[in-house]
Amino acid sequence: MEVHQLTPFLSVSPQLTAADVGLAASMGFKAIICNRPDQESHDQPDTDDIRAAAERHGLEWRYQPVVSGQITDTDVAAFHELMNSLRGPVLAFCRTGTRCTTLWALAEAPRLDVDAILKTTAAAGYDLSAQRDRIKALAGTHSSAEAEDTTSRKRHDVLIVGGGAAGQSVAGSLLQRQPDLDIAIIEPRSEHYYQPGWTLVGGGVFERRETVRQMGKVMPDSVKWYHAAASGFRPEQQQVLLEDGEQIGYRILVVAPGLTLDWDAIPGLRESLGRNGVTSNYLFDLAPYTWELVQSTRKGRALFTQPPMPIKCAGAPQKAMYLSCDHWMRQGVLKDIEVEFCTAGAALFGVADYVPALMKYVEKYGINLNYQNNLIQVDGQARTALFNVTDAEGNSREVEKPFDMLHVCPPQRSPKLISESPLADAAGWIELNPETLQHSRFGDIFGLGDAGNTPNAKTAAAVRKQAPVVAENILLALKGEAPRAIYDGYGSCPLTVERGKIVLAEFGYGGKLQPSFPLWLVDGKEPSRFAWLLKEKMLPWVYWNAMLKGHEWMAGPEILNHRPADHEATQACDFGDRK
Ligand code: FAD
């Protein structure tokens, strides 16, 4: 069976047989459309057999025969109607797939640019350039009935993908500004996590349950919650597709699905997690195991790893290590434990100003620093970890290290939802203007949080400052005005160097230090008790009760009274005609 995807909702195929239908069902298709008239040729499989197979596999079946080379406007309208009524993903077939593709192209012609349509069909293997004039002639020809139908379908003023720290904070900030705004959030999880708390769970300070709440309790009452995962974007049609094929429309889209922890990038890691001394504070389920291991380890070798950047909370791998060392020191066993920090990077921390304070703790705890040591394989049973080690001359070799405890920070990447979408930059992250957080090519799309390509530290602290900027710019965009609120790249990393003290790194774009407090209260370059109090007692409260609810304490956005100079291209892109 040959399947060519046109959109996440529709794929086309040459003639199917009844035997192909089971495979189509296993691929996730929910409906089959047959566009080939029965008995068109003598070697054609019996359409009734295919229909029966579809019904057996629980797939919707639609028979809409069209004659090759004679597709009428009525055929196109009927196909469009099917697209709107069926649950997707849909598989359409005819003799070669060309008729189905043509029907799709003509049905989309009123909304999509002719070049975009022809590019899509060509990418799927169908050259429809002969149809260019007909497709072009249909541009902008929505019928009034169709326009009415469009408004009756699910469409929101603001649609947010991801109900994590970023998505919820933007909703909160928007509702503080305009309580009656029509907002929807697409979020598949039933729980919302306070991830910055996991370091303290792994350090025996918090209980795991303090870092989770029911998503329904976090979601504002007036927000419509689609309890599902988004599976694709149709920016030209202002639609997001859900995993079941449902299409949700928007006037403004906010994209905030976080990042993907790539456990499978390291062979042997996933199956070792949670046993044989292998743990990670990057998972809600595993952070308590870190603390268990710390308490039970009294001698041997403890490895703490850090993958190549970017990662969320770049200090988290070190935080786990310092808190573990602090416990071992207090128990008098640190002298019997060889502690190694194995980082793929070439420095202890990205912003040099904080390194001296951290180095004092490295020395105090007797930690071996291993730069350019990238974890590439784990054997949990044998308790060995394999590293790719690069020396100063750039030569690489593999080094195996035995361990008694291994704390892993996994490699991290953009979710496929983004990297395989039209919203991605070359590296796969959401392509954003770093100041306004508006998409660089789609004026009605904004993004923030870990999935964005802005060069700030991927932290909830960054989100706290980004969300008000996005909210402000969305309301301007809904009025047809250019964005004027500006994000300066603020991010923060509270490095828990010992129980009771934190080196509070706060910096913006280019590593520029951005302390929130006067020097006499917190000197970010020195360990601070106040900063620990902030992390342990104040920030969780601020997160749940202020940030997620749109109370922008010490996070109000900077608003220019003119539009940012470098912003012409973004604004001009395509918002203008979408208001
Ligand atoms: P997330 O909060 O991860 O939320 C993303 C949401 O999108 C999730 O709810 C997810 O279910 C949803 N989603 C995913 N795919 C889809 C889809 N297809 N459709 C719809 N929804 C989808 N930050 C700090 O500021 N300070 C710290 O001390 C700190 N420490 C940390 C320690 C650890 C161990 C970890 C793991 C993180 C830490 N962070 C810290 C980082 C911080 O938690 C993140 O930067 C922040 O949560 C990012 O917010 P986000 O909304 O972009 O992503």
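All of these numbers come straight from a predicted model, not from anything done at the bench.

Engineer: Tell me about the overall build of the chain, and name the residues and values.
Structural biologist: Along the chain, the regular secondary structure elements total 18 helices and 28 strands. Compactness check: the chain gives a C-alpha radius of gyration of 27 Å against a globular reference of 25 Å for 579 residues, within 12% of the reference. Expressed as lengths along the three principal axes of its C-alpha atoms, the size of the chain is roughly 85 × 60 × 45 Å. Counting the 579 residues in the chain, one finds 55% classified as buried. Considering the chain, the positive charge centre built from 58 side chains and the negative charge centre built from 70 side chains are found 6 Å apart.

Engineer: Tell me about the packing of helix H3 (residues 73–85) against helix H4 (residues 98–108), residues and numbers included.
Structural biologist: Here H3 crosses H4 at 85 degrees, and the two axes come no closer than 9 Å. Taken together, H3 and H4 sit at an angle that is classed as roughly perpendicular. Side by side, H3 and H4 meet where Asp75, Val76, Phe79 and His80 of the first sit next to Cys100, Leu103, Trp104, Leu106 and Ala107 of the second. A breakdown of the residues in the contact of H3 with H4 according to their chemical character gives 7 nonpolar, 1 polar and 1 charged.

Engineer: I'd like a description of the nonpolar core, backed by residues and values.
Structural biologist: Counting 60 residues, the largest nonpolar core has Phe304, Tyr322, Trp328, Val339, Phe349 and Ile367 as its most contacted members. Apart from residues lying up to four places away in sequence, Phe304 is in contact with Pro317, Ala320, Met321, Ser324, Trp328, Val339, Glu340, Phe341, Cys342, Met405 and His407. Counting 39 residues, the second-largest nonpolar core is a separate cluster that includes Ile160, Leu174, Met215 and Ala462.

Engineer: Give me the environment of Thr96: which residues, what numbers.
Structural biologist: Looking at where Thr96 falls in the secondary structure, it is placed in the loop between strand E5 (90–93) and H4. According to the relative accessible area criterion, Thr96 is partly exposed, its value standing at 30%. Taking C-alpha positions, Thr96 is 26 Å from Asp244, a pair spaced 148 residues apart along the chain. Thr96 has contacts with Ser13, Pro14 and Tyr126, leaving out every residue within four places of it along the chain. Side chain to side chain, Thr96 and Thr98 meet in a polar contact 2.8 Å long.

Engineer: An account of the site of the ligand is needed here, citing residue identities and associated values.
Structural biologist: Near the ligand lie 33 residues; those nearest to it are Ala166, Glu187, Lys319, Asp450 and Ala461. Separating a nitrogen atom of the ligand from a backbone N or O atom of Ala230 is a distance of 2.9 Å. Between Lys458 and the ligand, the recorded distance is 3.4 Å, taken from a backbone N or O atom to an oxygen atom. Those elements that place two or more of their residues in the shell around the ligand are helix H8 (165–177), helix H13 (316–331) and helix H16 (460–478). Looking at which element gives the most residues to the shell around the ligand, the answer is H16, with 3 residues. A class-by-class count of the residues in the shell around the ligand yields 18 nonpolar, 8 polar and 7 charged.

Engineer: Explain the packing of aromatic side chains residue by residue, including any values.
Structural biologist: Evaluated as defined, the whole model comprises 15 aromatic pairs. Seen in terms of ring centroids, Tyr543 and Trp544 are 5.2 Å apart; in terms of plane orientation they differ by 85 degrees. Their pairing is edge-to-face. In this structure Tyr543 comes out as buried when scored by relative accessible area, which is 4%. Since its relative accessible area comes to 5%, Trp544 is described here as buried. Members of the aromatic cluster, connected to one another through ring pairs, are Tyr193, Trp198 and Phe284. Seen from the ring of Tyr226, Lys224 lies directly overhead, with NZ or CZ sitting 5.0 Å from the centre.

Engineer: Any chance you could break down the pairing of strand E2 (residues 10–13) for me, citing the residues and the numbers?
Structural biologist: Every second residue of E2 is oriented toward a common face, with Leu10 and Val12 on one face and Ser11 and Ser13 on the other, all of them buried. Here 2 bridges tie strand E1 (residues 4–5) to E2, and the two strands are oriented antiparallel to one another. Opposite His4, over in E2, you have Val12 as the bridge partner. Alignment of E2 against E5, held across 4 bridges, turns out to be parallel. Directly across from Ser13, in E5, lies its bridge partner Phe93.

Engineer: So what's going on with H16? Which residues, and what values?
Structural biologist: End to end, H16 covers 26 Å across 19 residues, agreeing with the expected 27 Å (1.5 Å per residue, within 8%). Largest kink in H16: about 30 degrees, centred on Gln466, with the proline Pro468 one to four residues after it. Most of H16 is tucked away: 17 of the 19 residues are buried. Of the residues trailing H16, Gly480 is marked for its positive phi of about 80 degrees.

Engineer: Can you lay out the pairing of strand E4 (residues 60–63) for me, pointing to particular residues and giving the numbers?
Structural biologist: In this structure, strand E3 (residues 31–34) lies alongside E4, joined through 4 bridges in parallel fashion. By the bridge assignment for E4, Ile32 is matched with Trp61.

Engineer: Explain the environment of Phe446 to me, using residue names and the numbers behind them.
Structural biologist: Examined against the element boundaries, Phe446 turns out to sit in strand E24 (residues 445–447). Sequence separation of Phe446 and Ala165 is 281 residues, and the distance between their C-alpha atoms is 15 Å.

Engineer: Please set out the environment of Val470 residue by residue, giving values where relevant.
Structural biologist: Along the polypeptide, Val470 turns up in helix H16. Excluding anything up to four places from it in sequence, Val470 contacts Val170, Val254, Leu437, Phe446, Gly447 and Leu448.

Engineer: I'd like a description of the sheet that holds strand E20 (residues 384–390), backed by residues and values.
Structural biologist: What the 3 strands build is an open sheet, ordered E19-E20-E21; its pairing is antiparallel. If you trace the sheet from one side to the other, it starts and ends with strand E19 (373–379) and strand E21 (396–402), each paired once. For this sheet the average axis-to-axis angle between neighbouring strands, irrespective of direction, equals 25 degrees. Note: E19 against E20, 6 bridges, orientation antiparallel. The partner of Asn373 across the bridge, within E20, is Val389.

Engineer: Would you mind going over the sheet that holds E2 in detail, with residue names and values included?
Structural biologist: Across the sheet, 5 strands lie side by side as E1-E2-E5-E3-E4; this open sheet has mixed pairing. Since the sheet does not close on itself, it has two edges, and those belong to E1 and E4, each with one partner. With respect to the sheet, helix H2 (residues 47–56) is in contact with E3, E4 and E5, its orientation differing from that of E4 by roughly 155 degrees. Contacts between H3 and the sheet are confined to E2, E3, E4 and E5, with E3 contributing the most and set at about 175 degrees to the helix.

Engineer: Residue-level account of the pattern of salt bridges, with values.
Structural biologist: One pass over the full model with this rule turns up 22 salt bridges. Arg36 serves as the salt-bridge partner of Glu40, at 2.6 Å between the closest nitrogen and oxygen. On the accessibility criterion, Glu40 (33% relative accessible area) is partly exposed. With its nearest N and O atoms 3.8 Å apart, the salt bridge here joins Lys364 to Glu498. Residue Lys364 is found in helix H14 (residues 355–365), and its partner Glu498 is found in strand E26 (residues 491–498); the two are separated by 134 residues along the sequence.

About the cut-offs
Residues numbered from 1 in each chain as written. Predicted model: local features only at pLDDT ≥ 70, side-chain atom pairs only at ≥ 80, totals over all residues. Heavy atoms only, no water. Helix = DSSP H or I, 4+ residues; strand = E, 2+ residues; numbered from the N terminus. Rg over C-alpha atoms; globule rule 2.2 N^0.38 Å. Buried < 20%, exposed > 50% of the residue type's maximum accessible area, 1.4 Å probe, protein only. Lys, Arg positive; Asp, Glu negative; His and termini not counted. Charge placed at Lys NZ, Arg CZ, Asp CG, Glu CD. Axes fitted to C-alpha atoms, helices over the stretch in contact; angles between N-to-C directions. Parallel < 35°, antiparallel > 145°, perpendicular 65-115°, else oblique. Contact = heavy atoms within 4.5 Å. Nonpolar A, V, L, I, M, F, W, Y, C, P; charged D, E, K, R; others polar. Core = buried A, V, L, I, M, F, W, Y, C linked by side-chain atoms within 4.5 Å. Polar contact = N/O pair within 3.5 Å; in protein donor to acceptor, adjacent residues only side chain to side chain. Near = heavy atom within 4 Å. Phe/Tyr/Trp six-rings, centres within 6.5 Å; stacked < 30°, edge-to-face > 60°. Lys NZ or Arg CZ within 6 Å of the ring centre and 35° of its normal. Pairing = 2+ DSSP bridges. Expected span 1.5 Å × (residues − 1). Bend = angle between axes of the 7 residues up to and from the residue. Salt bridge = Lys/Arg side-chain N within 4 Å of Asp/Glu carboxyl O.

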